[in-house]
Each structure stands twice: as structure tokens, then as C-alpha cells.
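Each chain is listed here by its residues.
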Amino acid sequence: MSSALTVLCPHPIVQAPMAGGVSVPQLAAAVSEAGGLGFLAAGYKTADGMYQEIKQVRGLTGRPFGVNVFMPQPEYAESGAVDLYANQLAGEAAWYETELGDPDSGRDDGYDAKLAILLDDPVPVVSFHFGVPTRDVLDSFRRAGTLTLVTATTAEEALAVQRAGADGVIAQGVEAGGHQGTHRDVPENDGSGIGLLSLVAQIRETVDIPIVAAGGIMRGGQIAAVLAAGASAAQLGTAFLASAESGANALHKQALTNPLFARTELTRAFSGRPARGLVNRFMREHGRYAPAAYPEVHHLTSPLRKAAAKAGDTQGMALWAGQGHGMARELPAGQLVEVLAAELAEARTALSAAPATGGEPR
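In this text the structure is predicted, and so the values were computed from the model without any measurement.

Visitor: How should the packing of aromatic side chains be read in this particular structure?
Guide: Pairs of aromatic rings are described using the distance from one ring centre to the other and the angle between the two planes. Tallying each qualifying case throughout the model produces six aromatic pairs. Where Tyr-44 meets Phe-70, the ring centres are 5.3 Å apart and the plane angle is 80°; that geometry is what we call edge-to-face. With Tyr-44 in the loop between β2 (38-41) and α3 (47-60) and Phe-70 in strand β3 (residues 65-70), this pair connects stretches of sequence that are 26 residues apart. Looking at Tyr-44, the relative accessible area reads 31%, which means it is partly exposed. We classify Phe-70 as buried; its relative accessible area is 8%. Between the aromatic rings of Phe-270 and Trp-320, the centroid separation amounts to 5.7 Å while the plane-to-plane angle is 85°, which identifies the pairing as edge-to-face. Taken together, the residues Phe-270 in the loop between β10 (264-267) and β11 (275-278) and Trp-320 in the loop between α14 (296-310) and α15 (333-353) connect sequence positions 50 residues apart.

Written out as C-alpha cells, the structure reads:
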């Protein structure tokens, strides 16, 4: 797949699929046109909504692109915990003059319908988040000529990805913005995430399939580092969040470099699953009380997040961002790909020109 990725995108730069309206067709097309691999995010969309966006990308570029799909989630047994969290959020609903969402709005994100469309009218790459598809699903995509990637946050998860028959694994470090793609949501593991370089090295020694490295990457020098560690490409999300083509709310884009938002944390406050975002009031007040209930909590808080955005209140929005958010550059997506590629080439040249060290210590 490493060589297949090279054919798909001349630069080892993959634009992360950011759900929630960020990874719009214009962004994916601009990245692909510049020689990277653009991605659409099918998460939280209907199957038809996903297909309409695929058609839009095809109308904007003839270059390869990918589509990301969320895996269905297991049933959550403790409904009482969700009800308790809903009671805690009643004040937020009153403040924003809206109703809380229905936590039982759906668990599978239209998974089967989306797979049917992607197999009937294949795209070059499909990636999966929040778990591993069955071997039958992955084999079906292989027969359709589609390359498959699956997110992993540990070497053990990467081994499960390889055993299922995926073409490659996305190694997601704890630095990554948005949702961690853990295969099982185990609250006892909160705070035990692995940094990207360590994760890439561990996965490289565990599996034989190609690795796409993701998590906090904002510069070409960092891409050079993960490639040197054994990755075939780097996936960047927050780096593209501030671009003109990004569908992110303008307030979200501005917050990335606003000194008011100095750091990020992993939180369950907005969705019930660990996700990294800029620390704001909502996260501070509710994060410690949010149950491990995804997508119930996501559905519950959806109206609150929309109302906060409409009111221009960043303290109530889910401002997903990776640890490198302060390095965001407001560049058109295509130009950003070119800048990253130039930085990567410069870093590689510097590395190859560096004198070898060795001999007896002084």
C-alpha cells in the first residue's frame, strides 16, 4: 500500500477527515489537487448526504480522495448515567434557550447504507474510526479496488487491524485533535494515551502493513520525523482547520491561535467519548461528570453546541483541536500542502547532510 499511496498522492500528506462539517468537499478537493490526499468525513451525515458530497468532490477534482466512516457502537447499558448528565445540563439548555437532544437518536451512523453506496460507486480510499470492520467488509472493498485504512491508538489495536485484512493503519497519537479512535471505550484507560512517535515505533515493530501517522502534526519537519520513524505518510487535521476551504465555524478557526485558549485536553463533556479540544468553560464545568456514553452524549449536547455557535459563544462550543493548534496557519489548503511539502524536503535535505556521529566519546 505504501507504493499505492505514492500513486494516489505525490506528497505523503493526508488531510484528516474531520466530522461535524469541517471536511467539506472544497477542502478535500483542494488538498488532493495540490498533491495530498483529501478526505471527506461521513460521520454524522446521512448516507445520501455523504454521496452528495462525494459527487461534489468529483466535480471539483479528478484526483484521488478518501471517505471516512464511523463504526457502529455497542449498546450502552447505564441509561441512568445519561439521564443524570442530562439533568446537569438543564441549566445550559435554559441559558441557550434550547432543548437537549434525544440521546437515543441512533447508534450505527447509517453504517450499512454508507457501505452499500461506497461499494456500489467506489472511491479510492475508505478509512474507519472507532473500531475494526469485519474481514468480509474489508475484502469487499479490496474487490472493489478501494484501499482501506483503520485507526488504531495502540500496537494491539494495530494488530487487530492487520488481522482483519485492512491495507493500512492510521496510528493516532494522544496529541490528535477530535475523537480518539479507540476500538473499545474503556474509561479506566483515560489519560493513558501514547505519544505519536512512540506509537509509530511500537506499531512498526508489531505489524507489516503501512502506517499513516496522525496526531499534532503541523509542520513539514514533523512529517519528516514520522516518516523516519517508519510511517508511509502523515495525516493532519488541525493544520487544515484554519484554511479558507475548511467548513469550521469562523470562531473555531480564530480560537486556534487565540491566547485565551492556551491548551487542549481530552474530554467526554461533549460526546461521551474522549476527544481533544481547546479548554473552555463547558469542558471545565462538565467534563468530569460526563459518562462514557457515545453517541448518547453526542446527541444530547448537539443542540447546545449549535446554539452556542449561533450565539457566538466559544465557551459552549466543542473546539476540537490537536496539541499543535497554536501553530495553525491561515493559508489556502492547496498552498498549505505546498508549504508542508517544501518544509518536508528541506528537513530531509538537512537530515541527509548531517554528519554521521560515532567514535569514542571525548
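Visitor: I tried to follow the pairing of β11 on my own but got confused; where do I start?
Guide: The side chains of a regular strand alternate between both faces of the sheet. Here strand β7 (residues 178-179) runs beside β11; their pairing, made up of two bridges, is antiparallel. When the sheet's bridge partners are listed, Gly-178 is paired in β11 with Arg-276. Taken together, the four bridges between β10 and β11 define a ladder with antiparallel strand orientation. Note that in β11 the partner of Thr-264 across the bridge is Leu-278.

Visitor: Help me out: how do you make sense of the pattern of salt bridges in this one?
Guide: Enumeration according to the criterion identifies twelve salt bridges in this entry. Lys-45 is the partner of Glu-53 in a salt bridge, and the nearest nitrogen-oxygen pair spans 3.8 Å. The buried category is assigned to Glu-53, whose relative accessible area is 14%. The salt bridge involving Arg-107 is made with Glu-296; its shortest N-O contact spans 2.2 Å. With Arg-107 in the loop between α5 (90-95) and α6 (111-120) and Glu-296 in helix α14, the pair connects residues that are 189 residues apart, well separated along the chain. What you see here is one network of salt bridges that share partners, running through Glu-92, Arg-281 and Glu-285.

Visitor: How do you make sense of the sheet that holds β11 when you look at a structure like this?
Guide: The strands making up a sheet are joined through hydrogen bonds of the backbone, oriented either antiparallel or parallel. The three strands are arranged β7-β11-β10 in an open sheet whose pairing can be described as antiparallel. Strand pairing shows two members of the sheet lacking a second neighbour, β7 and β10, which therefore form its edges.

Visitor: Sorry if this is basic, but what is going on with α14 here?
Guide: Helical periodicity: at 3.6 residues per turn, an α-helix aligns residues three or four positions apart in one direction. With 15 residues, α14 extends 22 Å between its outermost C-alpha atoms, agreeing within 8% with the 21 Å of an ideal straight helix rising 1.5 Å per residue. In the structure, α14 departs most strongly from a straight axis at Ser-302, where the bend amounts to approximately 40° and where the proline Pro-303 lies between one and four residues downstream. Of all 15 residues making up α14, eleven are buried, and the element is well covered by its neighbours. For α14, every residue scored as buried is listed here: Glu-296, Val-297, His-298, His-299, Leu-300, Thr-301, Ser-302, Leu-304, Arg-305, Ala-307 and Ala-308. Elements in contact with the buried residues of α14: α4 (79-88), α5 and α13 (281-286). After α14 finishes, the residue Gly-312 shows a positive phi value of roughly 75°.

Visitor: It is not clear to me how α6 should be interpreted in this structure. Could you clarify?
Guide: Turning to α6, its buried residues are Tyr-111, Lys-114, Leu-115 and Leu-118. Buried residues of α6, seen end-on, are gathered within an arc of 100° and therefore sit on one face of the element. Projecting away from the buried face of α6 at angles above 90 degrees are the exposed residues Asp-112 and Asp-120.

The rules behind the values
Residues numbered from 1 in each chain as written. Predicted model: local features only at pLDDT ≥ 70, side-chain atom pairs only at ≥ 80, totals over all residues. Heavy atoms only, no water. Phe/Tyr/Trp six-rings, centres within 6.5 Å; stacked < 30°, edge-to-face > 60°. Helix = DSSP H or I, 4+ residues; strand = E, 2+ residues; numbered from the N terminus. Buried < 20%, exposed > 50% of the residue type's maximum accessible area, 1.4 Å probe, protein only. Pairing = 2+ DSSP bridges. Salt bridge = Lys/Arg side-chain N within 4 Å of Asp/Glu carboxyl O. Expected span 1.5 Å × (residues − 1). Bend = angle between axes of the 7 residues up to and from the residue. Contact = heavy atoms within 4.5 Å. Arc of directions from axis to C-beta.

Geometric descriptors of this kind do not, in isolation, establish any biological role.
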